[in-house]
Amino acid sequence: MTVSYAFPDDFLWGAATSAYQIEGSPTADGAGRSIWHRFSHTPDNTWLNETGDVACDHYRRYKDDVAIMSELGLNAYRFSIAWGRIYPEGTGRINKKGIDFYSRLVDELLKKGIKPSATLYHWDLPEALDDRGGWLNRDIADWFCDYAATMFDALGDRVNMWATVNEPWVVTDGGYLSGVLAPGHASLFEAPIATHNLLRAHGSAVERFRASNAAKKGKIGIVVNLEPKYPASQSAEDLDAVRRADAYMNRQYLDPVFTGKYPAELREIFGEAWPEWSDEDMRLIKQPIDFLGVNYYTRKIERYDAERLPLRLKAVPQPDSITTETRWEVYPEALTRILLWVKERYGKLPVYITENGAAFYDAPHPIDGKIEDPLRVEYYRQHLRAAHEAMKQGVDLRGYFAWSLLDNYEWSHGYSKRFGLVHVDYSTQQRTIKSSGRYYASVIETNGGVLSR
Ligand code: FCB
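Each value, and the rule that gives it
Residues numbered from 1 in each chain as written. Predicted model: local features only at pLDDT ≥ 70, side-chain atom pairs only at ≥ 80, totals over all residues. Heavy atoms only, no water. Buried < 20%, exposed > 50% of the residue type's maximum accessible area, 1.4 Å probe, protein only. Helix = DSSP H or I, 4+ residues; strand = E, 2+ residues; numbered from the N terminus. Pairing = 2+ DSSP bridges. Core = buried A, V, L, I, M, F, W, Y, C linked by side-chain atoms within 4.5 Å. Contact = heavy atoms within 4.5 Å. Axes fitted to C-alpha atoms, helices over the stretch in contact; angles between N-to-C directions. Parallel < 35°, antiparallel > 145°, perpendicular 65-115°, else oblique. Left-handed = near helix turned anticlockwise from the far one by under 90°. Nonpolar A, V, L, I, M, F, W, Y, C, P; charged D, E, K, R; others polar.

Chemist: Help me understand the pairing of strand β4 (residues 161–166) in this model?
Modeler: Of all 6 residues that make up β4, 6 are buried, and the element is covered over most of its length. As judged from the 4 bridges shared by strand β3 (residues 115–121) and β4, these two strands associate in the parallel manner. Across the sheet, the residue bridging to T119 is A163, located in β4. Relative to strand β5 (residues 219–226), β4 runs parallel, the two being bridged by 4 bridges. In the sheet register, A163 faces β5, and the bridge partner there is G221.

Chemist: What am I meant to see in unusual backbone geometry here?
Modeler: Following L309, the chain continues into P310 via a peptide bond in cis, with omega recorded as 0°. Checked against the element boundaries, P310 lands in the loop between β8 (300–304) and β9 (313–315). With an omega dihedral of 10°, the bond running from W403 to S404 counts as a cis peptide bond. Despite not being glycine, D44 has its phi angle at roughly 70°, a positive value. With respect to the element layout, D44 can be found in the loop between α2 (35–40) and α3 (58–72). For D44, a relative accessible area of 71% puts it in the exposed group. Despite not being glycine, R327 has its phi angle at roughly 65°, a positive value.

Chemist: Which parts of the structure should I look at to understand the nonpolar core?
Modeler: Nonpolar side chains tend toward joint burial in soluble globular proteins. Counting 134 residues, the largest nonpolar core has W36, I81, W83, Y102, W135 and W162 as the members making the most contacts within it. If near-sequence neighbours (up to four positions away) are discounted, Y102 is found in contact with A19, E23, F79, S80, I81, A82, R85, I86 and L155. In this structure, L12, Y352, F401 and F419 belong to the second largest nonpolar core, which totals 11 residues.

Chemist: Looking at this model, I keep getting lost on the sheet that holds β5. Mind explaining?
Modeler: Whether parallel or antiparallel, the strands of a sheet pair through hydrogen bonds between backbone atoms. In spatial order, the strands read β1-β2-β3-β4-β5-β7-β10-β11; together these 8 strands close into a barrel with parallel pairing. Pairwise comparison of adjacent strand axes, ignoring direction, gives a mean angle of 25° for this sheet. Note that strand β2 (residues 76–80) and β3 share 5 bridges and pair parallel. Counted as the bridge partner of Y77 is P116 from β3. Sheet strands in contact with helix α9 (residues 190–210) are β4 and β5, and its direction is about 160° off that of β5. Those strands touched by helix α15 (residues 374–392) are β1 (12–16), β7 (291–296), β10 (351–355) and β11 (397–403), and its axis lies near 165° from that of β11.

Chemist: Help me understand the packing of helix α11 (residues 236–259) against helix α14 (residues 333–346) in this model?
Modeler: Two elements in contact, α11 and α14, have axes separated by 12 Å at closest approach and are oriented at 40°. Accordingly, the angle class assigned to the pair α11 and α14 is oblique. Viewed along their axes, α11 and α14 form a crossing whose handedness is right-handed. Contacts from D246, N250, R251, L254, D255 and F258 of α11 reach α14 at I338, W341, R345 and Y346. The class makeup of the residues in the contact of α11 with α14 is 5 nonpolar, 1 polar and 4 charged.

As structure tokens, this is what we get:
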């Protein structure tokens, strides 16, 4: 029997990117530098010391890129706004030229019938704010809120899908606990504070959104990365390790947003570094949101490991699985599982898959004008089927955004990991739609029909 993979008629078929990863020209037209500018310009932080100075040159080529989206048949596009283009010093003076760029981008998208979805924070904090403590300074909730309000006013007549923060877990885990991402701090005591201020900033922006004109037509949510955790064995120690891993990665942000409480395991993990937070803060964080954005890439199998602090666990590699260039196991079933988990734990609410995709090795230059990427085609086929399965089991899934539209700057990995539906030849900036891009276009055109093949 062939399974039908029809998606709803109003389903959003999109692709996602983020400002620092694609735009280039980071200081053009009066923009202020970000922590990613500083981090990538500091030796030994990134692969071959690569920076986002040029990236995909999208800042200047955005019209061509929107034309490619249109060729793929996308009806939605998720991008992020660089805070420092709008507020070069992070607060205070507004740089109109920065707003103009996003305004032109939005107009171009609408002209082609593509729904813009804007993320306010995708990791590129203005350097000037980092100098004032960044996510460790409680005032950042107000700074973020003012910036958000400026964008609601500037674009709210045309953008009606907003996300506050992209992957707060990565911001604190990479930026404040392990230090592999900007601003590169490694402190058990800082990570909980950064977490809490990210959530306060989120809550303040949602509250401000409700009072803005943008709320008349628009919706607002948050984007989290979720990763189902499986135990390496049924031993009590491994089951406990999984409970901690799940609290740290999956519940640390969602529990406060939906229930107003942090998971109890965080105290187990952080010990005395985990502070008590006021009820007032928790009320601010628990603002009702309109949708949840879920980024999904992989799952993890965890084993207890007393040596590895603070979580006391270790992920066990799966030698028989296919893994991507970022060493993430390909495991589509866990996408269905995590979406069902969200529904069971937090209730049925509109959900978007705001990122999903894979880095596989692609040739640096097209061969006979083509880039064949069969592994990525298969990745999309399987994950879109898994998303459909979740919908069949009652998840209110409204859209899917592939990560990414273009090969781009993969943070500390520099340009060494290619995630695009569209290949970028960095020596010429030439774009070539990969076979995965063509495949995704056929999924969109048939509204899921080709997934049964
Ligand atoms: C996510 C990020 C995105 C990109 C992908 C591969 O964690 O949101 O910017 O790096 O991973």
